[in-house]
Amino acid sequence: MNSYPPELLTQLAPVMFVGGLDPPPASGKTTDPFVVLSHRLREALVNQRKVAVWQPEKKKTFQVVPVDKDVRFPPRRLIPPEHPDYANAHSPLSPLTPSSPLYPDGLIAPIWIRKHTRLVPSVFVIFMRLFEHAPTSRAPLETAEVDREREAEERRRDTELCAEIAARKKTVSERGVKLTVVLLASRKLLDDPSLDGRLTYIRRQSGLDPRAALFVLSPVSQSEIGDFVRSLQEALYEPAIEYYTNHSKRVRRKRNRHSQVASSYPITQPIGSAPSRPLRPEGWTVRYEYKMACFAEFRGEDEVALKHYQDAYASLAIMFGSTAILPPRTKRWAEAKVLADCINLKICKLYLYNNEHSLALAHHNSHMRKFADFSRGWGIGEETFEFWSWLARQHRAFAELLEHGTRSTLKIPTHFSTTPPSHAAAAAAVQALESGQRGALELEAMRALGLNPNQALQHPGFYYYMSARSTERRRERFLGVARSEAEGETTTAPPPGFANEQKVDHLALILELYTRAYDLFKAYTPKDAHGHGRLTLWIAYRIAQTYYESGKFDLAVRFFERIAKTYRREQWDSLLRPLLTTWYSCAQQMGDMELSVRLLFEMLGHGLKTQDDDEDSTQEDLLAVLKSSVPSSTEEPLLIDHSESEPILQTCAVFWRPDVLVGEPVAFQLSVSSPTGVSLSSLTFTSLVIHMSGDMPTITLRNSSLDPSAELPQVQKVELDHIMPSGEDDKEVQAPLRFGVGGTIVFCGTVSCEMPATVKIEKLVLTTKEGNWNIQIPLRPLSSRHGGAPYPRWLSSFDPPTYIPVRRDQYSSVVVRHRPHKVQVSVTYNAPAYIGEEFPITVGVSNQDDKEMEMIVDALLQPAELDELGENHIRMGDERSTSLIKGVSLGTIAPGVSTSMILYLSSAGAVYDRVIDISVQSHREMPATAEEPESPQSPKSPTQSRIDRDETIRTLVVPSVQPISIEQHAVYMRSLKSQPGLADLTTYEDNYWDDGDVGEAIVTTTIACTAPSGIIVDSITLTKQDGRHAKIVDSALDQVMDDFLAEWLTGDEFCDRCRISLAARDDLPEGQDIPPPGSYELTWRRILPEGGYSTPATTRFSLPTLRPPRDGLIALLDVPPTAQLHTPLTLRLVVRNRQPTRSANVVVHLETDNSDAFIAAGLRNGRLPILLPGAEETVLWRLVPVECGFVRIPRIRVADRRTDPGAEGELQERIVRIVDVRADERREVKEDGTVEEGPQLAEPVILVLP
Amino acid sequence: MPPQPRLNAVAFVSPQNHPILIRTFAQPRQDELKYHYIAHTSLDVIEERIASAQAAKSTECYLSLLYTMEDVAVYGYVTPLRVKIILALALTDAVVRDIDVIAIFKAMHTAYHLSVANPFLKVNMPLESVNDHAAMLSAGSAKWKAFRQRVDDVGRVMGASIPSSTSNASTQSH
């Protein structure tokens, strides 16, 4: 942008002239408050706005120009106003004025803008001092007279002030400029009541406007000055806008007049001057539109300005379209071009203010395209340096504009959104597109579809880059012209700008542009990028190229070093190759021999040729360098490390097998091949040293082929024989170390090792000696940097060469192991194991090897999910664990000897398979070889190499079963005992036991033997654990009979009945279980197959929990089991109301029948007294049996009369169940609360004996 | 309707940022190196976009316009397996519809995965370390022509003038 007049580019703002503010004195500090005030005001006003290109803020600020109080404006016309021609005269800058620089056909000159920014204001502010008397002490006597004198003095001074203001006012009003006077007065005067009068006087006398024309300011602080400046500008902004609007109106009037009468302007030609063409109507349009645009810009009306600038630009384009209007390569044409470029920038800027990025870019692009087309017509097309110079300038100016913008408000948009545009928008866009609607919607619609890449705004670095590229082209074109000039080939004259172009330092220019682009690219790299900056590297590469072009090779080399690092790492060889070539040229130019050698080796690795179509060129260059120069230091060999870059030779080591036993030889092949495309045949490598891992000797291969012209076979084979670690010296072999194009040497050999180790080829060192050069190139096998090729392969036949692909993973190393030990481990046990017993497992270990070994046994009981409590455990000797027993030594076992030990498994809990891992580790000491030196290169820990270990693992799955199975069930009997009385004191005693309520439970336990092998039972005991609610009364076991303590075989069963008395106390809530009052304990032993018994084991199980049922209203019938004929017996019926809340109204019927075997005496039909909850009533009958045998007793019916809710007044009878207490067997309460009744006899019967 | 975009070059870059294949269709043919640079520099923008897409939990493959430089507009695409595809379209002053660009990308992606599916790419490779990366890179190597041809087919549909397959061997050297 610097190449354009700054006036045409800067953002315009209303101009304010400030008079009467002196610049601060050069030296010394003043204490006069008015001087200080004046300085501060000046600073505040001048510094509030900087002249800049990018200033989108609209803050009603003025561009303040400090001027002298008596500044003169430039004349509006050349002739004085008194002259009769004044009305027809034109401004001194008009093309119509002969003395104007624009005469006769200029468009607009920067001086016109300068006139409006520097010479003519829109408002004029004068700061003046209001007269004040010095604050002297005055004598009280002469008050009146002195006052009068003072007033007269004041009046005189004010009148002078008015005259001055009026004179100033006259000059400014001529131009429509507003004059504002700021009077500076002391604070004291501000409070003086006479001030108002004085001010009114001054304003009237000097003819100032009534509004915003007179201010008074006293010395105030800095912040208050700021406030004052702001309010001053706010007050004056409107008159300023008005001023520019008036100008616009004037220009518009002129334009309209002008467009009506196209060329009515009389041309006043000075006599004697050459007749020249006046400005065309198009030119006038440009002029007026441009002026209107400027005035709009002064007013801050960006949209109006944009419109006028566009009109001006369009008219300019019309003018350029015709060489008749604007003949190329004239002064006016050049001016117009500058004007067009500047207007373009203004338009772009105004678009960018409004964030219309794509419109701005579209305008900029079309400007460049349009003028590129014009340029072709003017004969300065793309083949000329002038064109490229112009294009570079456009790009640069745009980049600078963006840079200005980004420094303040402009944001570069991102063209990527992670949320794809909504389908609706896209669909609407397609519809709009297809229906051909070209509306205002179109632009928005198109944005949803995609964007025009040409109108995607990018950061300024891209435009600097474009500018640099254009400048490069400019330089090419220039060099082309210069060459043909120098050779004198051209017949035509050099292009017009050639002389100037010769003075331009193109490379410096390119460098500057690239450097700016580089900085911007770097600045726009996101902070969280992983430090790649490939874009910056690309620019850096261009910079390096430019340095190379300008002969600054050392700088170029520094860049290349950095760039090559990334390209090598990312394996972009296509980018690396041209870089290496240029880098090598730099090294050649600098005479840096070592660098040249390094680069040549790398280029050989890449198969690069220094001269095209000569595959030997690179190695010949290398040989020439080696022969013609000496290295900087001859003591140290030059090390060329190719670990990052492409190595000169591809190496690959393959072992035939992945692992071998100690002492067993394994074949290997090491292939070394040269890259395709480049010949290395002339290079003589002195030696190749192969370094293997561990104690392997290094193998040195000396070159045997000294004849450089000998024919090279494609594949050569070198035998290395057997290699094994030994104390002897390193091995030396003769080998031809020369490579043709893509040639391969395969080194074959075998390797064996006496120690377990991993053997691989660690590195190769290639040495070449030429003259004073001693170059070492370390190579790593498998150093192909690319993921795949070349694949490892095995040379299977030498002539013709055939290969077997190696498809293993670990082909580049071999693992040497000890021989496995011959240890036999046997495990014997009698499955299944029984829960509760200690189950023996015999582990037999037998050494069948030929060496004596030390054995150790580990056993691990695998944890199971079921075994949460760790109830299972294993035991070996004294060691006992719930999971792992480690390191139980079996001692040293001689060859052929067997030993065994017993592992016990104790299982408890659930039935499932127990899993045990048994590991037998055998190890033996290697005989220490005394002569083996402890060399620091072979750090081998004795545990690894001297101890020969092996391990045999057995996993057992031991099924575990229960030896006995248990089945229990309980029945409940009611008791006929009557309820204790309410006040019975015994019920309060602690040991009071009342089983009348619940009765008794009888538990039957069936023990069955399920052990497959059978067990012998030593004892069965019932342990009583009386509780609060239950206690064992008796059990079948009480009658001790030892005959059940015998061998039980599978299926044998044993049964025990146990009677338990239950007491329902208040603290037992209904439905809760009663804990078991005792448990059984069974001691048993397994019967072993061979007849003996194993160790005793105990199984415990408790009685079941008890859940007695509860009654409601029930009738219990007590019938004696037998009776004597004709002997009376008593029949007792107890009616119990155990309902918790309801009382019962019970009716009893004895339904005698003629066929009855009894004669009954007692109640036949009757109602019992109301039974309250908990109460019971007994009814007795005397019966005399009259028949023998099992006879049925008379039928008794018990009913409860009650009124059901809902059935009004009607009594319903419910039959109450009658239970024969002899056969009272209820099961326990089930989950759903029901009770399964025991088998009930249909009718109670009595056996009547005769 | 906006004109169909003209394809100047396409590049396939592996997830490890190694070039798989770079084909240029632009005339004249000498500035092939330029497209190598474009492919390489695009990785910067692609990585930035991928990072921002991941931050937004987006699974969008299409990375939109990466940048424009000189006479090309560069577009990016990343496959679900992180293979990056970069298109260089000739810069014209017209709206390039995203669906058009995505269609080219999809075609290129298909060409790529059809080619990588070739089981013979892995012949002679160590079996135990069947790594797709090596197969990926070898798909673009001079040895295998199918990938090149498929890409050329797409290019031909896009109106690029492709010389007959004889010149293929010299365009790539990895």
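Residues numbered from 1 in each chain as written. Chains lettered and ligands numbered in written order. Predicted model: local features only at pLDDT ≥ 70, side-chain atom pairs only at ≥ 80, totals over all residues. Heavy atoms only, no water.

### Considering the sheet that holds strand 25 (residues 873–876) of chain A
All names here are of chain A.
Here comes step 1: One open sheet accounts for five strands, arranged 21-23-28-25-26; its pairing is antiparallel. Where the open sheet ends on each side, the last strands, each with one partner, are strand 21 (823–828) and strand 26 (879–881). On average, adjacent strands in this sheet sit at an angle of 20° to one another, irrespective of strand direction.
Here comes step 2: Relative to strand 26, strand 25 is paired through three bridges, and the arrangement is antiparallel. Bridging from a neighbouring strand, R875 pairs with R880 of strand 26. (Pairing = 2+ DSSP bridges. Helix = DSSP H or I, 4+ residues; strand = E, 2+ residues; numbered from the N terminus. Axes fitted to C-alpha atoms, helices over the stretch in contact; angles between N-to-C directions.)

### Comments concerning the sheet that holds strand 46 (residues 1176–1185) of chain A
All names here are of chain A.
Here comes step 1: Ordered by their spatial adjacency, five strands build an open sheet running 44-46-42-40-50, and the pairing between neighbours is mixed. Looking at the sheet topology across the chains shown, the edges are occupied by strand 44 (1158–1162) and strand 50 (1218–1220). Direction aside, the axes of adjacent strands within the sheet are offset by 25° on average.
Here comes step 2: Sheet topology places strand 44 next to strand 46; five bridges connect them, and they run antiparallel.

### Things to note about the packing of helix 11 (residues 385–407) of chain A against helix 14 (residues 460–487) of chain A
Residue and element names in this part refer to chain A.
Here comes step 1: It is the contact of helix 11 with helix 14, at a shortest axis distance of 8 Å, that shows an interaxial angle of 165°. Classed by the angle they form, the pair helix 11 and helix 14 counts as roughly antiparallel. The way helix 11 lies across helix 14 gives a crossing that is left-handed. On helix 14, the residues touching F385, W388, S389, L391, A392, H395, R396, F398, A399, E400, L402 and E403 of helix 11 are P460, Y463, Y464, M466, S467, S470, T471, R473, R474, R477, F478 and V481.
Here comes step 2: Classifying every residue of the contact of helix 11 with helix 14 by side-chain character gives 13 nonpolar, five polar and six charged. (Parallel < 35°, antiparallel > 145°, perpendicular 65-115°, else oblique. Left-handed = near helix turned anticlockwise from the far one by under 90°. Contact = heavy atoms within 4.5 Å. Nonpolar A, V, L, I, M, F, W, Y, C, P; charged D, E, K, R; others polar.)

### Digging into the nonpolar core
Here comes step 1: Core analysis: the biggest nonpolar cluster contains 211 residues, and Y290(A), L316(A), F320(A), V597(A), M692(A), L720(A) and F747(A) have the highest contact counts within it.
Here comes step 2: Sequence-distant contacts of L316(A), defined by excluding residues within four places in its chain, comprise L107(A), V286(A), A336(A), L339(A), A340(A) and I343(A).
Here comes step 3: Membership of the second largest hydrophobic core comes to 32 residues, among which are A456(A), L21(B), L89(B) and A111(B). (Core = buried A, V, L, I, M, F, W, Y, C linked by side-chain atoms within 4.5 Å. Buried < 20%, exposed > 50% of the residue type's maximum accessible area, 1.4 Å probe, protein only.)

### What to know about the interface of chain A and chain B
Here comes step 1: Facing the 51 residues of chain A at the interface are 57 residues of chain B.
Here comes step 2: For the pairing of chain A and chain B, the buried interface totals around 4,800 Å² over both sides, and the portion due to carbon and sulfur atoms is 61%.
Here comes step 3: Taken together, the links from chain A to chain B amount to four salt bridges.
Here comes step 4: R534(A) is the partner of D44(B) in a salt bridge, and the nearest nitrogen-oxygen pair spans 3.2 Å.
Here comes step 5: When contributions to the side of chain A that touches chain B are tallied by element, the ones reaching two or more residues are helix 13 (441–449), strand 6 (450–451), helix 14, helix 17 (534–549), helix 18 (553–570) and helix 19 (573–590) of chain A.
Here comes step 6: Both strand 6 of chain A and strand 6 (residues 96–97) of chain B contribute to a ladder of two bridges, which runs antiparallel. From the neighbouring strand, G450(A) faces strand 6 of chain B, where its bridge partner is R97(B). (Buried area = accessible area lost by both parts, 1.4 Å probe. Salt bridge = Lys/Arg side-chain N within 4 Å of Asp/Glu carboxyl O.)

### Looking at the confidence of the model for chain B
All names here are of chain B.
Here comes step 1: Looking at chain B as a whole, the pLDDT averages 80, with 81% of positions reaching at least 70.
Here comes step 2: Element-level mean pLDDT values for chain B span from 40 in helix 5 (residues 168–171) up to 92 in strand 4 (residues 72–78).
Here comes step 3: Low confidence marks residues 165–174, where pLDDT is under 50. Its contacts with residues over four positions away, or in another chain, come to 20 contacts.
Here comes step 4: The complex model carries a pTM of 0.69, and its ipTM stands at 0.88. (pLDDT = per-residue confidence, 0-100.)

### Let's talk about the packing of helix 19 of chain A against helix 20 (residues 593–606) of chain A
All names here are of chain A.
Here comes step 1: Here helix 19 crosses helix 20 at 155°, and the two axes come no closer than 9 Å. In this view, helix 19 runs roughly antiparallel relative to helix 20, as classed from their interaxial angle. In this structure, helix 19 meets helix 20 at a crossing whose hand is left-handed. Contacts between helix 19 and helix 20 pair D573, L576, R577, L580, T581, W583, Y584, A587 and Q588 from the former with L595, S596, L599, L600, E602, M603 and H606 from the latter.

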